[in-house]
Amino acid sequence: MLWKDNYELGVPQIDAQHKELFRRVESFLQVLRSEDSWEKKLPKLNETLEFMKKYVVEHFHDEEEYQKSINYPGYEAHKQRHMGMVGYVQEVSRKYEQSNYDENLMQEFGGRLLSWLINHVAAEDQLIADYAKKRG
Amino acid sequence: MVHKLYRDFVDATQKVFNLMLNISDVSEHPSEDFKCDDEVDIVVGVVGDLQGKIVYRFPVSTSLNMVNIMSGMEFNAVDVFVASAISEIANIISGNVMTTLSDSKIQCDILPPEQYKLDANDNKKYEIATNCCICTIIGKICLEIRLNRAS
């Protein structure tokens, strides 16, 4: 399992979105890394990529709204990190379509997404939870 | 400055192993302890008040262990996926150090990580040149810090 219980922030809406994000990424990685032919994997991978493009933006927006609601001091820096990832997903998606669905591009995206997501939720988002707890 | 940078990179690496891989048993050793013939080398360029590069030397076995833990899947060879996941970890460690440095009014940015080919003939001189070997239960990592102050 990609998701670990210690990633929970204690904010039900954000935790539910994180779990959904991890579930989708895990499913994406399982297809990406399966022994099936690239042609067979493509529909599922393309579907997940489309989902990610929309869901990541929606989730980041909700997370930022929560940060604003608690006056989180790291809001601007956190928002910049979100924008960086949204830009990366959009750029990869554009290159991927232009390359006529190049496998290497998707493998590279999968590896970076795995590390980025775990760090973002396990480290950066936990700072929000720490602040919220201290604030009471 | 050399000692501070060394410390910042060791601390950032320990933190990343703890938070991302749930590995808290991380110790530092002299770089002479790092011996490896088969490794994934990632370079992260540094620009700003300090300029140069950080080279992360991940043995293949360490790289695979890290990606196996993160993904919960079984990876047996370094491919584009593994190299990309490891590059992002080098990026995260470096980014964390740059944030720490900015608290000390040292402003630097990092460049996107790239796979690196070690060059034994690269004898460029750096004002700040230090190495460290970090040992964990899933293997070792060597960090080579090569930086100059901006003139």
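Residues numbered from 1 in each chain as written. Chains lettered and ligands numbered in written order. Predicted model: local features only at pLDDT ≥ 70, side-chain atom pairs only at ≥ 80, totals over all residues. Heavy atoms only, no water.

A.B. asks: How do you make sense of the interface of chain A and chain B when you look at a structure like this?
C.D. replies: The parts lose accessible area when they come together, and the size of an interface is often stated as this lost area. Taken together, the contact pairs 20 residues of chain A with 17 residues of chain B. Carbon and sulfur atoms supply 64% of the area that chain A and chain B bury against each other, a total of about 1600 Å² over both sides. Among the residues chain A hides against chain B, the three largest losses belong to A:Arg33, A:Ser115 and A:Asn119. Together they make up 31% of the total. Counting across the chain A and chain B interface gives 2 salt bridges. (Contact = heavy atoms within 4.5 Å. Buried area = accessible area lost by both parts, 1.4 Å probe. Salt bridge = Lys/Arg side-chain N within 4 Å of Asp/Glu carboxyl O.)

A.B. asks: Got a minute to help me understand the nonpolar core in this structure?
C.D. replies: Nonpolar side chains tend to gather and get buried jointly when the protein is soluble and globular. The biggest cluster of nonpolar side chains holds 81 residues, and the ones touching the most others in it are A:Leu29, A:Met106, A:Phe109, B:Phe9, B:Leu50, B:Tyr56 and B:Phe58. The element that contributes the greatest number of residues to this core is helix H3 (residues 80–103) of chain B, accounting for 11 residues. B:Leu50 has contacts with B:Met1, B:Leu5, B:Leu101, B:Ile106, B:Cys108, B:Ile128, B:Leu147, B:Asn148 and B:Arg149, leaving out every residue within four places of it along the chain. (Core = buried A, V, L, I, M, F, W, Y, C linked by side-chain atoms within 4.5 Å. Buried < 20%, exposed > 50% of the residue type's maximum accessible area, 1.4 Å probe, protein only. Helix = DSSP H or I, 4+ residues; strand = E, 2+ residues; numbered from the N terminus.)

A.B. asks: I'm lost on unusual backbone geometry in this one. Help?
C.D. replies: In most cases, non-glycine residues show a negative phi, while peptide bonds are predominantly trans. Phi at A:Tyr101 is positive, roughly 65°, even though this residue is not glycine. Relative to the assigned elements, A:Tyr101 resides in the loop between helix H3 (75–98) and helix H4 (103–135). Under the relative-accessibility criterion, A:Tyr101 is labelled partly exposed at 30%. Of note in the backbone geometry, B:Lys105 takes a positive phi value of approximately 65° without being a glycine. In this structure, B:Lys105 sits in the loop between H3 and strand E4 (108–110). By relative accessible area, B:Lys105 is classed as exposed at 70%.

A.B. asks: When you look at the side chain of A:Asn119 in this model, what are you seeing that I'm missing?
C.D. replies: Structurally, A:Asn119 is set in helix H4. When its relative accessible area of 6% is taken as the criterion, A:Asn119 is described as buried. Discounting residues that sit within four places of it in the chain, A:Asn119 has contacts with A:Glu124, B:Met20 and B:Ile92.

A.B. asks: Explain H3(A) to me, please; I cannot follow it from the model alone.
C.D. replies: Side chains three or four residues apart in an α-helix point the same way, a direct result of the helix having 3.6 residues per turn. All names here are of chain A. Helix length check: H3 (24 residues) gives 34 Å between terminal C-alpha atoms against 34 Å at 1.5 Å per residue, within 8%. Listed in full, the buried residues belonging to H3 are Tyr75, His78, His82, Met85, Val86, Tyr88, Val89, Val92, Ser93 and Tyr96. Against the buried residues of H3 lie helix H2 (38–69) and H4. Backbone geometry just downstream of H3 places Asn100 in the positive-phi region, at approximately 60°. (Expected span 1.5 Å × (residues − 1).)

A.B. asks: What's the story with the packing of aromatic side chains in this structure? I'm lost.
C.D. replies: Residue and element names in this part refer to chain A. This model, assessed by the stated rule, comprises 11 aromatic pairs over all chains. Between Tyr88 and Phe109 the ring centres are 5.8 Å apart and the planes differ by 35°, which places this aromatic pair in the tilted class. Here the residue Tyr88 occupies a position in helix H3, and Phe109 occupies one in helix H4, the gap between them amounting to 21 residues. A residue is classified by how much of its surface remains accessible, and Tyr88, at 11% relative accessible area, is buried. Overall, the relative accessible area of 1% leaves Phe109 in the buried class. Three or more aromatic residues joined by ring pairs form one cluster here, namely Trp3, Tyr7 and Phe22. The residue whose ring lies beneath Arg112 is Tyr88, and the NZ or CZ to ring-centre distance is 3.9 Å. (Phe/Tyr/Trp six-rings, centres within 6.5 Å; stacked < 30°, edge-to-face > 60°. Lys NZ or Arg CZ within 6 Å of the ring centre and 35° of its normal.)

A.B. asks: Would you take a moment to explain the pairing of strand E2 (residues 39–48) of chain B for this structure?
C.D. replies: In regular strands, side chains alternate between the two faces of the sheet. Residue and element names in this part refer to chain B. In terms of residue burial, E2 counts as a mostly covered element, since 8 of its 10 residues are buried. The pairing of E2 with strand E3 (residues 50–59) spans 8 bridges and is antiparallel. By the bridge assignment, Val43 is partnered in E3 with Val55. As consecutive antiparallel partners, E2 and E3 are separated by 1 residue. As paired strands, E2 and strand E5 (residues 114–115) are joined by 2 bridges and run antiparallel to one another. By the bridge assignment, Val43 is partnered in E5 with Glu114. (Pairing = 2+ DSSP bridges.)

Function cannot be inferred from these measures alone, as they are strictly geometric.
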